[in-house]
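# Inside the fold
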Amino acid sequence: MRVSARGAVIGGAWVKGDVEVDDGRLIRAGLPSTGQGYVLPGLVDLQVNGYGGVDFNAATAEGFEAAFAALTRDGVFHVQPTVITDSEENVADRLRVLKTLRETRPRGAKVVGVHAEGPFLSPHHRGVHRPKYLRDPDIGIVRRFLDAGPLRTITVAPELPGALELIAWAARQGVIVQAGHSGADAPTAHAAFDAGARAVTHLFNGMISFEHRAPGIAGATLAREDVAIQLIADDIHLSRETSLFALKAAEHRTMLVTDAASPAGAGDGVFTVGGFTVTVTDGVPRLPDGTLAGSTVTLLQQVRKLVEHDWPIDRAVNLASRAPARFYGLTGVGELTLGGPADLVVTDENVDVERVLVGGEEFVA
């Protein structure tokens, strides 16, 4: 089967022309071009709080399965579901459901692990996280989460009492610790990274503002080569200039995430996000007080926005595929290779999904 395109991103690089798929594999590339769109690898989203009308803090197994199918319809092949701040019992319940789903391997985006975004967050930078469930860092809570299911990542505000001890302990257990939802100043952020925090949760969002004499956690992150950056480049959470500033400073250690909430992929309306009622108008989800409540922009739409801002398509899609896969330690994920599986996303010239192939077969959500 020949797939028409302007070109494809293969091995992280731009290859002009059509591609050919046979027996579930990508066998040829660089054929004379007969189309205007793109052939891209399946995307990897490490921050998804809900999708397709499904709130991950309240999802059943069937709800998760529907959301994962909707994600793949929109180009995401691997996902780290995120459970935001909630009662310890409810977070543990979601972890148990996701543990079972990982074992049964439903169709749609594959679960690579689970992110607990909370409860160890600053009440002053909590966003959509319910204050009654926020807690000071507690190793016992993380132990119980690990016992419940496939916890892989936690977000911690470094300035909280006991945060540095918890970060060091969690890192020793192989848990990815991210700094975020925080009012930490730069010295405190550096201490967290020195203790073992490896990344920052959605840079600039949910943290003290960057000031030229008080750069805070954002400035500390940008100043270090050993810290990975997660970015919501949707032109809503960050302006175009801020996204491009971060990428020009640290593209090589940046990945795109959506921070998607339940309204993502479901249109405007009224939804539940982590226990809050959220209204989506023109694709922007907000609490009644105007606070942003996650995102509805898909990962591929972020890629499109970067392309509209003159970022090369291969570099833009790598931020949403290859970069998160490598950060997470996933092999054979997030890039196309000749001879490898034909797990690919076919878009039009505007980077809107036209077809999704899984093992060379058309995927239907």
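Shown above is the structure to which this text applies.
In short, a report on the structure. (Residues numbered from 1 in each chain as written. Predicted model: local features only at pLDDT ≥ 70, side-chain atom pairs only at ≥ 80, totals over all residues. Heavy atoms only, no water.)

At a minimum axis separation of 7 Å, helix H5 (residues 186-195) and helix H6 (residues 216-223) run at an interaxial angle of 50°. Taken together, the axes of H5 and H6 lie oblique to each other. The handedness of the crossing between H5 and H6 comes out as right-handed. Residues Ala 186, Ala 189, His 190 and Phe 193 of H5 form the contact with H6, whose participating residues are Gly 216, Ile 217, Ala 220 and Thr 221. When the residues that make up the contact of H5 with H6 are grouped by side-chain class, the tally is five nonpolar, three polar and no charged. (Axes fitted to C-alpha atoms, helices over the stretch in contact; angles between N-to-C directions. Helix = DSSP H or I, 4+ residues; strand = E, 2+ residues; numbered from the N terminus. Parallel < 35°, antiparallel > 145°, perpendicular 65-115°, else oblique. Left-handed = near helix turned anticlockwise from the far one by under 90°. Contact = heavy atoms within 4.5 Å. Nonpolar A, V, L, I, M, F, W, Y, C, P; charged D, E, K, R; others polar.)

Let us look at the packing of helix H4 (residues 163-172) against H5. Relative orientation of the contacting elements H4 and H5 amounts to 25°, with a least axis distance of 8 Å. One element, H4, and the other, H5, form an angle in the roughly parallel class. For the pair H4 and H5, the crossing hand works out as right-handed. Across the interface between the two elements, Leu 164, Ile 167 and Ala 168 of H4 pack against Ala 191, Ala 192 and Ala 195 of H5.

Moving on to the pairing of strand E21 (residues 344-347). Here E21 shows two buried faces, one formed by Leu 344 and Val 346 and the other by Val 345 and Thr 347. In terms of strand pairing, strand E6 (residues 38-41) meets E21 through four bridges, oriented antiparallel. Considered in E21, the bridge of Leu 40 is made with Val 345. Relative to strand E22 (residues 353-358), E21 runs antiparallel, the two being bridged by four bridges. Counted as the bridge partner of Thr 347 is Val 353 from E22. Between E21 and E22, which pair antiparallel and follow one another directly, the connecting turn spans five residues, one of which, Val 351, has a positive phi of 65°. (Buried < 20%, exposed > 50% of the residue type's maximum accessible area, 1.4 Å probe, protein only. Pairing = 2+ DSSP bridges.)

If you trace the backbone, Ser 243 turns up in helix H7 (residues 240-250). Contacts of Ser 243, omitting those with residues within four sequence positions, involve Leu 231, Ile 232, Ala 233 and Leu 238.

Regarding H7, the residues found buried are Ser 243, Leu 244, Ala 246, Leu 247 and Ala 250. Summarising the axial view, the buried residues of H7 lie within an arc of 160°, below the 170-degree limit, and thus occupy one face. Opposite its buried face, H7 presents the exposed residues Glu 241 and Lys 248, each directed more than 90 degrees away. Along its buried surface, H7 packs onto strand E16 (228-231), strand E17 (254-256), helix H8 (299-308) and helix H9 (313-319). (Arc of directions from axis to C-beta.)

The subject of this paragraph is the pattern of salt bridges. Charged atoms that come close allow side chains of opposite charge to pair. One pass over the full model with this rule turns up 16 salt bridges. Ionic pairing is found between Arg 144 and Glu 88, a salt bridge with its closest N-O pair at 2.4 Å. Of the two residues, Arg 144 sits in helix H3 (residues 139-148) while Glu 88 sits in helix H2 (residues 88-104), which places them 56 residues apart along the sequence. By relative accessible area, Arg 144 is classed as partly exposed at 42%. You can call Glu 88 partly exposed: its relative accessible area is 25%. A salt bridge links Glu 241 to Arg 240; its shortest N-O distance comes to 3.8 Å. Through salt bridges with shared partners, a single ionic network connects Asp 194, Arg 224 and Asp 226. (Salt bridge = Lys/Arg side-chain N within 4 Å of Asp/Glu carboxyl O.)

Each strand in a sheet pairs with its neighbour through backbone hydrogen bonds, running either in the same direction (parallel) or in the opposite one (antiparallel). Pairing within the open sheet is antiparallel, and its three strands lie in the order E18-E19-E20. Each having just a single partner strand, strand E18 (269-273) and strand E20 (284-286) make up the two edges of the open sheet. For this sheet, the mean angle separating the axes of adjacent strands, direction not counted, is 35°. Judged from the five bridges that link them, E18 and strand E19 (residues 276-281) form a sheet pairing that is antiparallel. Residue pairing for E19: Thr 272 is matched across the bridge by Thr 277.

Note that every value here comes from positions in space, so none of it alone points to a role or purpose.
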